[in-house]
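If you want the building blocks of each chain, they are given just below.
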Amino acid sequence: MGPMAMVSIKDVAAHAGVSPGTVSNVLNRPGKVAPATRERVEAAIDELGFVRHGSASTLRAGHSRTIGLSVIDIGNPFFTEVAAGVEDVASELGYAVILGNSAGSVDKEDRNLRVLAEHRVRGVLITPSGEDPARLDRLRGHGISVVLVDHPAHRPDQCAVAVDDVAGGRAAVAHLLARGARSVAYVTGPLTIRQCVERREGAKAALGAAGLDPGDLVVAEAATMSATAGEKAAADLIAKGLPEAVFCANDLLALGVLRALLRSGVRVPEDVALIGYDDIDFAAASTVSLSSMRQPTYQLGRIATELLLDECANPETHAHQHIMFQPELVARESTQ
């Protein structure tokens, strides 16, 4: 355990100017503590790096035979498939997986990471909601290994398994242009999400490579990366005048766009070509089978878990790796 794990409830109480019983209530029964006092205690917990012990057996062992997995959206089949790869490797090696869903919220992710630290997990696999490395460094300070999943590393002492999203966006739009489209819309989730931004960069690069103005890419930003958000984005595009092709940042958005287009009498691909991203199972099974950029989703989970558990077992000899996969174009009816 790292040195921060040795901070006690008494230390937190002294720092916050409250009794140890008040700290215990904040940890276990926060509703019983006045908000101002609770905030003071939580600030002290953060400043001192206090982590409570999840169980006596975990305390004796130092770490449990569990790992944490923190994803952005467990409702997205992409992350479900990543989780399957994680769980298979963990199970093979005698580990259990604790799943946390951040829903894209840094605050929720921080709470989840705190719980994982309390349970003394051996390591954490994370698709981070934010770009602040200090949050992950706190985990590492507790002796918890961290591997990034579907997110590149920007430092040499960090393992990461990712997919080249700029290349994926470029290949998707190049495919649309190759079939004759000259006006393209990009339907995306929040542009606070790195993957959405990089897929947009790739889309613009494809337009530029074809001699078109990258600035002509019509960007429709949805609040979430869901089918419902895709339907709304398509309705907005229909109202403003449809482009010849639409690229969606994931398949759920694309399925929503497809539903809205067909309901409005727009033919796919005759009137509008459409391509998604991730190649989830529903893509091939939709009313008009959906072209998509396939990612090695299950493999992302497997390889990330293998790297994490190797780092846990062999901290002195473990070699950090940055693995970057290339996405693969799968052309179906929606662009043919």
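Residues numbered from 1 in each chain as written. Predicted model: local features only at pLDDT ≥ 70, side-chain atom pairs only at ≥ 80, totals over all residues. Heavy atoms only, no water.

As recorded by an unreviewed UniProt entry, the chain carries the name LacI family DNA-binding transcriptional regulator and is attributed to Nonomuraea maheshkhaliensis.

(A) Region of the structure containing the overall build of the chain. Assigned secondary structure in the chain consists of 13 helices and twelve strands. The dimensions of the chain, computed from C-alpha atoms along their principal axes, are 70 × 45 × 35 Å. Counting only residues that meet the buried cut, the chain has 51% of its 336 residues in that class. Considering only contacts within the chain whose residues lie at least 6 apart along the sequence, 71% involve residues at least 24 apart. Within the structure as shown, the chain displays about 14,600 Å² of accessible surface, and the carbon and sulfur contribution to it stands at 53%. Distance between charge centroids for the chain: 6 Å, based on 32 positive and 41 negative side chains. (Helix = DSSP H or I, 4+ residues; strand = E, 2+ residues; numbered from the N terminus. Buried < 20%, exposed > 50% of the residue type's maximum accessible area, 1.4 Å probe, protein only. Contact = heavy atoms within 4.5 Å. Areas by Shrake-Rupley, 256 points an atom, 1.4 Å probe, with all protein chains shown as cover. Lys, Arg positive; Asp, Glu negative; His and termini not counted. Charge placed at Lys NZ, Arg CZ, Asp CG, Glu CD.)

(B) Main features of the sheet that holds strand β8 (residues 245-248). Strands sit in the order β7-β6-β8-β9-β10-β12 across an open sheet of six strands; the sheet is mixed. Two strands bound the open sheet, and with one partner strand each, they are β7 (218-221) and β12 (328-330). Going across the sheet, the axis of each strand differs from the next one's by a mean of 20 degrees, ignoring polarity. Here strand β6 (residues 184-188) runs beside β7; their pairing, made up of four bridges, is parallel. If you follow Thr 188 over to β7, its bridge partner there is Glu 221. Here helix α9 (residues 194-209) sits on the sheet in contact with β6, β7, β8 and β9 (273-278), set at roughly 175 degrees to β6. Across the sheet, helix α11 (residues 251-263) touches β6, β8, β9 and β10 (291-294), and the angle it forms with β9 is around 155 degrees. (Pairing = 2+ DSSP bridges. Axes fitted to C-alpha atoms, helices over the stretch in contact; angles between N-to-C directions.)

(C) Region of interest: the pattern of salt bridges. The final tally for this structure, using the stated rule, is 18 salt bridges. The salt bridge partner of Arg 135 is Asp 110, with a shortest N-O separation of 2.9 Å. Placement of the pair is Arg 135 in helix α7 (residues 133-141) and Asp 110 in helix α6 (residues 106-118), with a sequence separation of 25 residues. Since its relative accessible area comes to 23%, Asp 110 is described here as partly exposed. Across the pair Glu 231 and Arg 263 runs a salt bridge whose closest N-O atoms are separated by 3.0 Å. Note that Glu 231 is positioned in helix α10 (residues 227-240) and Arg 263 in helix α11, a separation of 32 residues in sequence. Take Glu 231: its relative accessible area is 17%, and that puts it in the buried class. Salt bridges sharing partners connect three or more residues here, namely Asp 137, Arg 140, Arg 155 and Asp 157. (Salt bridge = Lys/Arg side-chain N within 4 Å of Asp/Glu carboxyl O.)

(D) Here's a closer look at the packing of helix α8 (residues 165-178) against α9. Look at α8 against α9: their axes get within 6 Å of each other, and the N-to-C directions meet at 45 degrees. The orientation of α8 with respect to α9, classified from their angle, is oblique. As α8 runs across α9, the sense of the crossing is right-handed. On the side of α8, the interface is formed by Asp 165, Val 166, Gly 169, Arg 170, Val 173, Ala 174 and Leu 177, while α9 contributes Arg 194, Gln 195, Glu 198, Arg 199, Glu 201, Gly 202, Ala 203, Ala 205, Ala 206 and Leu 207. Residue composition of the contact of α8 with α9, grouped by class: eight nonpolar, three polar and six charged. (Parallel < 35°, antiparallel > 145°, perpendicular 65-115°, else oblique. Left-handed = near helix turned anticlockwise from the far one by under 90°. Nonpolar A, V, L, I, M, F, W, Y, C, P; charged D, E, K, R; others polar.)

(E) Summary view of the environment of Val 12. Here Val 12 shows up in helix α1 (residues 9-16). Exposure remark for Val 12: the relative accessible area of 0% places this residue in the buried category. Taking C-alpha positions, Val 12 is 7.2 Å from Leu 48, a pair spaced 36 residues apart along the chain. If sequence neighbours within four positions are ignored, Val 12 has contacts with Val 7, Val 23, Val 41, Ala 44, Ile 45, Leu 48 and Phe 50.

(F) View of the sheet that holds strand β3 (residues 123-126). Taken together, six strands build an open sheet; the order of strands is β2-β1-β3-β4-β5-β11 and the sheet is parallel. Single-partner strands in this sheet number two, and they are β2 (96-101) and β11 (322-325). Adjacent strand axes in the sheet meet at a mean angle of 15 degrees, parallel and antiparallel pairs treated alike. As judged from the four bridges shared by strand β1 (residues 66-71) and β3, these two strands associate in the parallel manner. When the sheet's bridge partners are listed, Ser 70 is paired in β3 with Ile 126.

(G) Unusual backbone geometry, seen in detail. Backbone torsion omega between Val 268 and Pro 269 reads 15 degrees, so that peptide bond is classified as cis. Take Pro 269: it is sitting in the loop between α11 and β9. The backbone of Ala 103 shows a phi angle near 55 degrees, a positive value even though the residue is not glycine. Along the polypeptide, Ala 103 turns up in the loop between β2 and α6. Exposure remark for Ala 103: the relative accessible area of 54% places this residue in the exposed category.

(H) Summary view of α9. End to end, α9 covers 23 Å across 16 residues, agreeing with the expected 22 Å (1.5 Å per residue, within 8%). Every buried residue belonging to α9 is among Arg 194, Gln 195, Cys 196, Val 197, Arg 199, Gly 202, Ala 203, Ala 206 and Leu 207, and all of these are buried. Summarising the contacts, the buried residues of α9 are in contact with α8, β6, β8 and β9. Residue Gly 211 follows α9 closely and has a positive phi angle near 85 degrees. (Expected span 1.5 Å × (residues − 1).)

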